[in-house]
Amino acid sequence: IVAVLFCGLSQAKYTTLNLSHEGRTRIKQLFEVLNYLGEIFIFGYMGYIWFTFSHHVFRALFIFGAFLSIFISRACNIYPLSFLINLGRTNKISHTFQHFMVFAGLRGAISFSLAIRNTSTEAQRTILTTTLLLIGFTVWVLGATAGPLLGHLDLRSVFAGGQSGMQVKPTIPSFFLLFHLLYHRLYLTHDDNEN
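What counts, and where the lines are drawn
- Within each chain, residue numbers correspond to sequence positions counted from 1 in written order.
- Residue-level local features of this predicted model are given only where pLDDT is at least 70; pairs of side-chain atoms are given and counted only at 80 or more, and the full residue set underlies all totals for whole chains, interfaces and linings.
- As a convention, hydrogens and water are excluded, and side-chain values are obtained from all of the structure's heavy atoms.
- Secondary structure follows DSSP: runs of H or I at least 4 residues long count as helices, runs of E at least 2 residues long count as strands, and numbering of each begins at the N terminus.
- Contact criterion: two residues are considered in contact whenever any of their non-hydrogen atoms come within 4.5 Å of each other.
- In a helix, the anticipated span is given by 1.5 Å times the number of residues less one.
- Between buried and exposed lies partly exposed: a residue is buried under 20% and exposed over 50% of the maximum accessible area for its type, with that area taken using a 1.4 Å probe on protein chains only.
- pLDDT is a residue-level measure of predictor confidence that goes from 0 to 100.
- Here the nonpolar core consists of buried residues drawn from Ala, Val, Leu, Ile, Met, Phe, Trp, Tyr and Cys, with membership extended through side-chain atoms lying within 4.5 Å.
- Helix axes are fitted to C-alpha atoms over the stretch in contact, other axes to C-alpha atoms as well, and angles between N-to-C directions run from 0 to 180 degrees.
- Definitions for this section: a left-handed crossing has its near helix turned counterclockwise from the far helix by less than a right angle. A right-handed crossing has that turn clockwise.
- When residue character is reported, Ala, Val, Leu, Ile, Met, Phe, Trp, Tyr, Cys and Pro are called nonpolar, Asp, Glu, Lys and Arg charged, and the others, Gly included, polar.
- Any Lys or Arg side-chain nitrogen found within 4 Å of a carboxyl oxygen on Asp or Glu counts as a salt bridge.
- Side-chain rings of Phe, Tyr and Trp, where Trp is taken by its six-membered ring, are said to pair if the distance between their centres is within 6.5 Å; with planes under 30 degrees apart they count as stacked, over 60 as edge-to-face, and otherwise as tilted.

The protein goes by Sodium/hydrogen exchanger 9 in an unreviewed UniProt entry, where it is assigned to Ataeniobius toweri.

This is the structure in structure tokens:
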């Protein structure tokens, strides 16, 4: 998963610069379609498992503990990491935006794929059932209330241009920025003005 993530980040940064404008548009459209089909498949499969798996195990204390622990762990990640990131930025992550990230950042396709792998024991079936409940809650309840929360926290203007419209410039030139400017950009992309 991490390898695919970094491969995608690298390709988004360098490979698309080697494509024509029409090629970039077509590739973007292709990956949007693949993303849509992937989401349809995973959520359809979750629904199929929810209604056809006959051995669900509901443990109220475990489910409540799982809900509580994911929200606490999410907050313990978002707030300290945002604080550290804000130390080196001129464009700070606001507190309201941090609250929104804690609220709306929970999903679970990867946790579902891990939970469905083995359901032979009662504990593993409990984990599967709890995972499906967590995913359903975060997608349907938190996802449905994310729009009104954006309006309440006055964050709609941040998302007006979409995520891709938000560009953050580095405040301190780093080794990686210099490496990017001197090597990657020079050797991994072509210049349209050369032709």
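The discussion continues.
Colleague: Before we move on, could you go through the environment of R125 and cite the residues and values that matter?
Modeller: With respect to the secondary-structure elements, R125 resides in helix α6 (residues 122–152). Setting aside residues up to four positions removed in sequence, R125 forms contacts with F53, H55, V57, T119 and S120.

Colleague: Please set out helix α2 (residues 21–52) residue by residue, giving values where relevant.
Modeller: The terminal C-alpha atoms of α2 lie 46 Å apart, and with 32 residues this matches the ideal 46 Å at 1.5 Å per residue to within 8%. I42, M46 and I49 are the residues of α2 that are buried. Its buried side turned inward, α2 meets α5 (109–115) and α6.

Colleague: Describe in detail the confidence of the model for the protein, supporting the description with residues and values.
Modeller: Residues of the protein with pLDDT of at least 70 account for 79%, and the chain-wide mean is 80. A low-confidence stretch, residues 162–168 stays under pLDDT 50, and its non-local contacts, those more than four residues away or across chains, total 2 contacts.

Colleague: So what's going on with the nonpolar core? Residues and values would help.
Modeller: Counting 9 residues, the largest nonpolar core consists of I42, M46, I49, F53, F112, A115, L128, L132 and I135. Of all the elements in the fold, those that place two or more residues in this core are α2, α5 and α6. Here A115 is in contact with I127, L128 and T131, once residues within four sequence places are set aside. By size, the runner-up hydrophobic cluster in this structure holds 7 residues, among which are F97, A146, L150 and L155.

Colleague: Provide a residue-level description of the side chain of S82, including the pertinent values.
Modeller: Note that S82 resides in helix α3 (residues 60–87). Once you skip the residues sitting within four places of it in the chain, S82 turns out to touch I93, Q98 and M101.

Colleague: Provide a residue-level description of the packing of α3 against helix α4 (residues 95–104), including the pertinent values.
Modeller: One can describe the packing of α3 onto α4 by two numbers: an axis separation of 9 Å at closest approach and a directional angle of 145°. Read as a crossing pair, α3 and α4 show a hand that is right-handed. Residues R74, A75, I78, Y79, S82 and N86 of α3 pack against Q98, H99, M101 and V102 of α4. Residue composition of the contact of α3 with α4, grouped by class: 5 nonpolar, 4 polar and 1 charged.

Colleague: Describe the pattern of salt bridges, naming the residues involved and giving the relevant values.
Modeller: Under the counting rule described, the total for this entry stands at 1 salt bridge. Between E122 and R59 there is a salt bridge whose closest N-O contact spans 1.9 Å. Placement of the pair is E122 in helix α6 and R59 in the loop between α2 and α3, with a sequence separation of 63 residues. In this structure R59 comes out as partly exposed when scored by relative accessible area, which is 39%.

Colleague: Can you break down the packing of aromatic side chains residue by residue, with the values?
Modeller: Tallying each qualifying case throughout the model produces 5 aromatic pairs. Arranged with centres 6.4 Å apart and planes meeting at 20°, the rings of Y45 and Y48 form a pair that is stacked. Remark: Y48 and Y45 occur in helix α2; sequence separation between them is 3 residues, near one turn of the helix. When the centroid spacing of 6.2 Å and the interplanar angle of 85° are considered together, the rings of W50 and F58 count as edge-to-face. These aromatic residues form a ring-pair network of at least three members: F41, Y45, Y48 and F112.

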